[in-house]
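Chain and residue survey
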Amino acid sequence: MTRGPSDSGHQGADALYGDMDATTAPHRIPPEMPQYGEANHIFELMQNLLEQLLIQQPKDPIPFMIKHLQRDSDYVPKIIILGPPASGKTTIAMWLGKHLNSNLLSVESLIAKEYSSLAADARTHYQKFQTLPDVLLVRLLQERLREEDCIRRGWILDGIPETREQALLIQTLGVSPRHVIVLSAPDTVLIERNLGKRIDPQTGEIYHTTFDWPPESEIQDRLIAPAGISEGETARRLLEYHRNMVRILPSYPKIVKVITADQPCVDVFYQALTYVQTVHRSNAPFTPRVLLCGPVGSGKSLQAALLAQKYGLVNVCCGQLLKEAVADKSKYGEMIRPFFEKETAVPSYIIMKVLGQRLDQQDCVERGWVLHGFPRDRDQACLMDSMGYKPNRVFFLNVPFDSIIERLTLRRTDPVTGERSHLMYKPPPTMEIQARLLQSPKDSEEQIRLRMELFYRNSAELQEFYREAITLNGDQDPYTVFEYIESGVINPLPKKVPGLRAKEYPPGEQS
């Protein structure tokens, strides 16, 4: 059953999609519309189409848009790898290309292209001067990026652009990377590393006399030392690189990731892979619907309060809603009261009636919400989902049993003032007050153990239902936990990064 439009469910589009028309009263649209837009990335889809139309300026836009959508190429890799000599950029670029099934583009690969008069001219020039004019390099790149494999599988630029002028020329073509990786290491390390560099002329693989020498004698025998690896030549190239880099980086604001190259190459690769599989924050309007799951004592209430305070979300505590319904003697409150009196579980369908009424209110629809205390198992999650209440961010807070025992069993209440204390973190001011403090039966170790076992018995199926949920270590400083949750709310959901297997990646160390 899907929730239908209602007066409280149709809310202002200006809060959900920006000010469509600031001169009129708030537009009323059902919550299902923005949910559909978020789930199917409609805003990003239209934005990408508009960008391509303005860049390519086709004579007939309709067939162009159809062809563009059929290619489904908006999210292919578009990566630039930059770094000084011997930083390892070619090796990292090669490994990323193989892992992502994308195209590796370098100056060498561009001028080696067959059946291209432009590449033939570039080869002639490169053989004479060991460099290419900026305009010629960019024309080569433009020709290559128009080919079908680059459109369908994306591209990785190895060491391009080398200057700010090249970066600006590339931008004028509408070529925009999504991720720029800059490898960094001390010059002294790079000079020493470069002296031991060797190349396999047959495969193009890069080795090192100290760090990565191949075990096969036949490979050893054919390795050659590349030109320009002397200490003086490397120092000159490093100076030129540093001059250019400070002028290139401002061309790529907010998408640059600097990775220390003075560490094992597989570690550098893993950091690079993790970064290029992240999705940058979108400009699309976004209404957070956050679900916090975790055992008793995991800090859900505190994290919900922090989110509500900072981002204006509505803090929806399921247990508190039920108590308020009983106190108000509402229709559903009277249905809940017998279960409270008998201290038995309230049926899920009754909870959903109360919860649905709250989530349908205008503040929840317009500002978003953070929910905790429900659902507690897969059946409740299915019920909530079937009624159209779909969280777009789900977090599981994991806390060890010993830490939760410490958090909860030491809680006390002053029966005179009603003040709450904690014998370790917030002790009472006097011994007299401490002597009269009482412990709630719910805070006994036995009760806590039962509630934790119940949560973890159901959490596996709950996490399976919310496949894109983010699991966090809740046994940290609360504000550290909040920073992780906050990052997960305001940024797009990360892609799952597959585990690394060493045999998948070729040997090699530096570029």
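A short tour of the structure in this document, coming up. (Residues numbered from 1 in each chain as written. Predicted model: local features only at pLDDT ≥ 70, side-chain atom pairs only at ≥ 80, totals over all residues. Heavy atoms only, no water.)

A word on the packing of aromatic side chains
The following threshold applies: Any two rings among Phe, Tyr and Trp, with Trp reduced to its six-membered ring, count as a pair given centres within 6.5 Å; such a pair is stacked if its planes are under 30 degrees apart, edge-to-face if over 60, and tilted if neither. A run of H or I in DSSP counts as a helix once it spans at least four residues, and a run of E counts as a strand once it spans at least two, with each numbered from the N terminus. Remark: exposure states derive from per-residue accessible area (1.4 Å probe, protein chains only) relative to the maximum for the residue type, with buried under 20%, exposed over 50%, and partly exposed in between.
For the coordinates displayed, the defined rule picks out three aromatic pairs. Ring centres of Trp95 and Phe269 lie 5.5 Å apart, and the angle between their planes is 80°; on these two criteria the pair is classed as edge-to-face. Residue Trp95 is located in helix H5 (residues 89–100), and its partner Phe269 is located in helix H14 (residues 265–276); the two are separated by 174 residues in the primary sequence. An identical accessibility class is assigned to Trp95 and Phe269; each is buried. With 5.0 Å between their ring centres and 75° between their planes, Phe455 and Tyr456 make a pair best called edge-to-face. Taking relative accessible area as the criterion, Phe455 reaches 12% and is therefore assigned buried.

Digging into the sheet that holds strand E3 (residues 155–158)
What counts, and what does not: Pairing between strands is defined by DSSP: at least two bridges between them are needed. Simply put, an axis is a line fit to the C-alpha atoms, just over the touching stretch for a helix, and the angle between two N-to-C directions goes from 0 to 180 degrees. The criterion used for residue contact is that any of the two residues' heavy atoms lie within 4.5 Å.
Strands sit in the order E2-E3-E1-E4-E7 across an open sheet of five strands; the sheet is parallel. Of all the strands in the sheet, the pair left with one neighbour each is strand E2 (103–105) and strand E7 (256–260). Sheet twist, expressed as the mean angle between neighbouring strand axes with direction ignored, is 20°. Examined bridge by bridge, strand E4 (residues 179–184) and E7 share five bridges and lie parallel to one another. Residue pairing for E7: Ser184 is matched across the bridge by Thr260. Packing of H5 onto the sheet brings it into contact with strand E1 (78–82), E2, E3 and E4, and relative to E3 it is tilted by some 170°.

A few points about the side chain of Asp360
We apply this condition: N or O atoms within 3.5 Å of each other form a polar contact, as long as, within protein, one can give a hydrogen and the other can take it, and as long as residues adjacent in sequence are counted only when both atoms are side-chain atoms.
Considering the arrangement of structural elements, one finds Asp360 in the loop between helix H18 (348–359) and helix H19 (362–367). Looking at Asp360, the relative accessible area reads 13%, which means it is buried. Only 3.1 Å separates the side chain of Asp360 from the side chain of Tyr389, close enough to count as a polar contact.

Some details on a positive patch on the surface
To keep things clear, this is the line we draw: Patches draw on residues past 30% relative accessible area with no salt bridge. Two like charges within 9 Å are joined, as are two nonpolar side chains (Val, Leu, Ile, Met, Phe, Trp, Tyr) within 5 Å. Surface exposure here means Shrake-Rupley accessible area, sampled with a 1.4 Å probe, where a residue is shielded only by the protein chains that are shown. For this document, the term salt bridge refers to a Lys or Arg side-chain nitrogen within 4 Å of an Asp or Glu carboxyl oxygen. Charge counting treats Lys and Arg as positive and Asp and Glu as negative, with His and both chain ends excluded. Note on charges: their place is set at NZ of Lys, CZ of Arg, CG of Asp or CD of Glu.
Together, Lys323, Arg376, Lys442 and Arg451 make up a region of like positive charge exposed at the surface. Along the chain, Arg376 turns up in the loop between strand E10 (369–372) and helix H20 (378–386). Given the relative accessible area of 56%, Arg376 is considered exposed.

Considerations on the environment of Ala305
Residue position: Ala305 is located in helix H15 (residues 300–311). On the basis of relative accessible area, Ala305 is assigned to the partly exposed category, the value being 35%. Note: C-alpha distance between Ala305 and Val370 (65 residues apart in sequence) is 8.7 Å.

Details of the environment of Ile350
Among the secondary structure elements, Ile350 is positioned in helix H18. Sequence separation between Ile350 and Gly333 is 17 residues; the distance between their C-alpha atoms is 9.4 Å. Leaving out residues up to four positions away in the same chain, Ile350 has contacts with Met335, Ile336 and Phe339.

With respect to the pattern of salt bridges
For side chains bearing opposite charge, pairing can occur when the charged atoms are close. One pass over the full model with this rule turns up 17 salt bridges. The salt bridge involving Arg436 is made with Asp414; its shortest N-O contact spans 2.9 Å. Of this pair, Arg436 sits in helix H22 (residues 431–436) while Asp414 is found in the loop between strand E12 (411–413) and strand E13 (420–422), placing the two residues 22 residues apart along the sequence. Given the relative accessible area of 3%, Asp414 is considered buried. A salt bridge links Arg467 to Glu464; its shortest N-O distance comes to 2.5 Å. Overall, Arg467 belongs to the exposed group, its relative accessible area being 62%. Residue Glu464 is classed as partly exposed on the basis of its relative accessible area, which comes to 39%. Shared partners join several salt bridges into a network, and the residues in it are Lys113, Glu143, Arg144, Glu147 and Asp149.

Function-wise, these values are silent; they only describe arrangement.
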